[in-house]
Amino acid sequence: MSAATLSAYGMKPVATVRITEKHFLIEILDNSIVDRGYCIYAFLVGDEIVRIGSSKGILKGRLRAWERDVSAALQGRKSATPANEAAAWNVLLKANETGTLYAREGTMVDTPVGRICAYLDEESTLIGRHLPRLNRSKHR
């Protein structure tokens, strides 16, 4: 599961991720995707896809929530991120120093009920295909 795999899915690197002093930091490199909604994204650490997700809202907002929640869990504060997941992020990022966030907008599909975005179906398919270790649930 490499950068080439994510590129083949039409995703491109949009941010880097690291942990510094118990702070989960996402540095945005490309606003062309993160300023949009209905996106799918994947965290790549080393050559492993470790988390796949989606965002109906503006992706940048979801990334800021990641920073807040994982940082809080790393610091032992109440968080939407479980402590064991934060610990896993810490181990992965200490071993690799940084990770890369890949993303793209979901695919638009014409259906008998109108044009819809298939981002949730794409997310589910990719989770089922790659079974990322930091996803808490399996695909739908």
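Procedures and definitions
Residues numbered from 1 in each chain as written. Predicted model: local features only at pLDDT ≥ 70, side-chain atom pairs only at ≥ 80, totals over all residues. Heavy atoms only, no water. Helix = DSSP H or I, 4+ residues; strand = E, 2+ residues; numbered from the N terminus. Expected span 1.5 Å × (residues − 1). Buried < 20%, exposed > 50% of the residue type's maximum accessible area, 1.4 Å probe, protein only. Arc of directions from axis to C-beta. Contact = heavy atoms within 4.5 Å. Salt bridge = Lys/Arg side-chain N within 4 Å of Asp/Glu carboxyl O. Pairing = 2+ DSSP bridges. Axes fitted to C-alpha atoms, helices over the stretch in contact; angles between N-to-C directions. pLDDT = per-residue confidence, 0-100. Patch = residues over 30% accessible without salt bridge, like charges linked within 9 Å, V, L, I, M, F, W, Y side chains within 5 Å. Areas by Shrake-Rupley, 256 points an atom, 1.4 Å probe, with all protein chains shown as cover.

**Things to note about helix α4 (residues 83–96)**
1) Next: The terminal C-alpha atoms of α4, which comprises 14 residues, lie 20 Å apart, in line with the 20 Å expected from a rise of 1.5 Å per residue.
2) Next: Restricting attention to buried positions, one finds in α4 the residues Glu 85, Ala 86, Trp 89, Leu 92 and Leu 93. Projected down its long axis, α4 shows its buried positions confined to an angular sector of 125°, all on one face. Turned more than 90 degrees off the buried face of α4, the exposed positions are Ala 83, Asn 84, Val 91, Lys 94 and Ala 95.
3) Next: Elements that come into contact with the buried residues of α4 comprise β1 (12–20), β2 (23–28), β3 (39–45), β4 (48–55), α3 (59–74) and β5 (99–105).
4) Next: Where α4 ends, the next residue or the one after it, Glu 97, has phi of about 70°, a positive value.

**Observations regarding the pattern of salt bridges**
1) Next: Enumeration according to the criterion identifies ten salt bridges in this entry.
2) Next: Among the ionic pairs, Lys 60 bridges to Asp 35, the shortest N-O distance being 3.0 Å. Here Lys 60 is found in helix α3, whereas its partner Asp 35 is found in the loop between α2 (31–34) and β3, with 25 residues between them in sequence.
3) Next: Three or more residues are tied together by salt bridges with common partners; here these are Arg 51, Glu 85 and Arg 136.

**Focus on the sheet that holds β5**
1) Next: If you trace the five strands from one edge of the open sheet to the other, you get β2-β1-β5-β3-β4, paired in antiparallel fashion. Looking at strand neighbours, the two that pair on one side only are β2 and β4, the edges of this open sheet. Averaged over all pairs of adjacent strands, the angle between their axes in this sheet comes to 25°, without regard to strand direction.
2) Next: As paired strands, β1 and β2 are joined by six bridges and run antiparallel to one another. Bridged to Val 17 within β2 is Ile 26.
3) Next: The strands touched by α3 within the sheet are β1, β2, β3, β4 and β5, with β2 carrying the most contacts at an inclination of about 160°.

**Details of the confidence of the model for the chain**
1) Next: Of the residues in the chain, 98% reach a pLDDT of 70 or more, and the chain-wide mean stands at 94.
2) Next: Put simply, α4 is where the chain has its lowest mean pLDDT, 93, and β5 is where it has its highest, 98.

**Topic: the environment of Lys 56**
1) Next: Looking at where Lys 56 falls in the secondary structure, it is placed in the loop between β4 and α3.
2) Next: Taking the relative accessible area as the measure of exposure, Lys 56 reaches 54% and is therefore exposed.
3) Next: If sequence neighbours within four positions are ignored, Lys 56 has contacts with Gly 37, Tyr 38 and Tyr 119.

**Considering the pairing of strand β6 (residues 108–111)**
A regular strand carries its side chains on alternate faces of the sheet.
1) Next: Taken together, the four bridges between β6 and strand β7 (residues 114–117) define a ladder with antiparallel strand orientation. Across the sheet, the residue bridging to Val 109 is Ile 116, located in β7.
2) Next: Here β6 folds back onto β7 in antiparallel fashion, the turn holding two residues.

**Here's the deal with a nonpolar patch on the surface**
1) Next: Residues Val 109, Val 113 and Ile 116 make up a contiguous nonpolar surface patch of about 270 Å² in total accessible area.
2) Next: Inspection of the secondary structure assignment puts Ile 116 in strand β7.
3) Next: Since its relative accessible area comes to 40%, Ile 116 is described here as partly exposed.

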